[in-house]
Amino acid sequence: MRSEKEMYDLILNTAREDRRIRAVYMNGSRTNKNAPRDLFQDYDIVYVVEETREFYEDPAWIDRFGERLYMQMPELMDQMLGMETNLNENFGWLMQFADGNRIDLHVQSIPYAREHVTEDRLCMILLDKDGILPEIPESTDEEHWIKRPGEIEFLCVCNEFWWCLNSVAKGLWREEATYVMDMLNLHVRPQLFTMLSWRAGRLTDYKKSMGKSGKYMKNFLPGEEWERFLKTYADAQMNHLWEAVEEMCRLFDETARREAAALGLTYNEKEAAGSRKFLARVKELPRDAEEIF
């Protein structure tokens, strides 16, 4: 596997030797000093070029980066699917190499890069031949830090969690496993995730990022709470789904009560009790029931 130095040398020497490439910048986890280092980190690289067409019409030019196992060209796929794209502004190759390294490489026009380079604070300029890119502050993940919730936001997250359990309950009674899993993972779990993020945020003085999909949350939550969160993930067996849902309710309720008290926010206990009552009643219903209550 090529070393980090070898990869950077390859990326930067390619830019230095190609007159069409006027600048290089990088974003992603490699610019984040708080992200753990490991062998799976991508190189998220952008070449700022005079014209993108010359690059995407000559696919052989990327062969210089090494033997590929497979790759994806997301903007080309979007265009093929009929989505609005402008390949003359931005085009990319996501490449997994045979030695284990991966580069997510884009070419961007100079005007496009100037407009978008400052959008992500996890960004670092590696090369600028002509001083065409604006000055950017030191790379930081601060914009991804958990924010302290306000009263309305807190109430809305709680309401969404308890309301969406209505659909989960009927799906469980009907034994519609795929429907239940979608309702949980697309609608209910995000609210639990947000609540636990607020918990972790308060414990870290709102100066940490939970990472994509909460991958760092386990580092900031008490161990027992993290283990309980993991138990809310279940396979498609109905009894396991019931157990996961009930654990989600307990964990959300306890966390919401704690955070409301600590932050001086309002928690609608009546709403929570009503939702849990409905869920418990549905669990007791026989298959031939004609009434819920």
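What comes next concerns the included structure. Quantities reported herein were computed from a predicted structural model and do not represent experimental measurements.

### Notes on the nonpolar core
Nonpolar side chains in soluble globular proteins generally cluster together in the buried interior. Counting 46 residues, the largest nonpolar core has Phe154, Trp162, Val168 and Phe252 as the members making the most contacts within it. Listing elements by their share of this core, those giving two or more residues are helix 5 (151-174), helix 6 (177-203), helix 7 (223-230), helix 8 (238-263) and helix 9 (269-284). Sorting elements by how many residues they give to this core places helix 8 first, with 11 residues. Setting aside residues up to four positions removed in sequence, phenylalanine 252 forms contacts with Val157, Cys158, Phe161, Trp162, Gln191, Leu192 and Met195. Within the second largest apolar cluster, 27 residues are counted, among which are Tyr8, Met26, Ile45 and Phe91.

### Here's the deal with the sheet that holds strand 1 (residues 21-27)
What the six strands build is an open sheet, ordered 3-4-5-2-1-6; its pairing is mixed. The two strands at the open ends of the sheet, each matched to only one other strand, are strand 3 (68-72) and strand 6 (123-128). The sheet shows a mean angle of 20° between the axes of neighbouring strands, direction not considered. Bridge analysis of strand 2 (residues 43-49) against strand 5 (residues 102-109) gives seven bridges, and the strand direction is parallel. Across the sheet, valine 48 pairs through a bridge with glutamine 108, a residue of strand 5. Here helix 1 (residues 4-17) sits on the sheet and contacts strand 1, strand 2, strand 5 and strand 6; the angle it forms with strand 2, its principal contact strand, is near 10°.

### Quick notes on the pairing of strand 2
Along a regular strand, successive side chains alternate from one face of the sheet to the other. With seven of seven residues buried, strand 2 is to be regarded as a mostly interior element. The alternating pattern of strand 2 places Tyr43, Ile45, Tyr47 and Val49 and Asp44, Val46 and Val48 on opposite faces, both of which are buried.

### Looking at the layout of surface pockets
Considered as a void within the structure, the largest pocket measures approximately 470 Å³ in volume. Lining the largest pocket are 24 residues, and of these Asn27, Gly28, Asp44, Asp104 and Asp120 lie nearest its centre. Elements with a contribution of two residues or more to the lining of the largest pocket: strand 1, strand 2, strand 5 and helix 4 (110-116). Of the residues contributing to the lining of the largest pocket, the split by class is nine nonpolar, eight polar and seven charged. Volume-wise, the second largest pocket comes out at about 340 Å³. Considering the residues around the second largest pocket, the lining is formed by 13 residues, among which Gly28, Ser29, Leu122, Lys212 and Lys215 are closest to the centre.

Calculation notes
- Residues numbered from 1 in each chain as written.
- Predicted model: local features only at pLDDT ≥ 70, side-chain atom pairs only at ≥ 80, totals over all residues.
- Heavy atoms only, no water.
- Core = buried A, V, L, I, M, F, W, Y, C linked by side-chain atoms within 4.5 Å.
- Buried < 20%, exposed > 50% of the residue type's maximum accessible area, 1.4 Å probe, protein only.
- Helix = DSSP H or I, 4+ residues; strand = E, 2+ residues; numbered from the N terminus.
- Contact = heavy atoms within 4.5 Å.
- Pairing = 2+ DSSP bridges.
- Axes fitted to C-alpha atoms, helices over the stretch in contact; angles between N-to-C directions.
- 1 Å grid on protein atoms, 1.4 Å probe; cavity = no way out; pocket = protein on both sides within 12 Å on 5 of 7 lines; lining within 4 Å.
- Points joined across faces, edges and corners; volume = space filled by probe spheres on them.
- Nonpolar A, V, L, I, M, F, W, Y, C, P; charged D, E, K, R; others polar.

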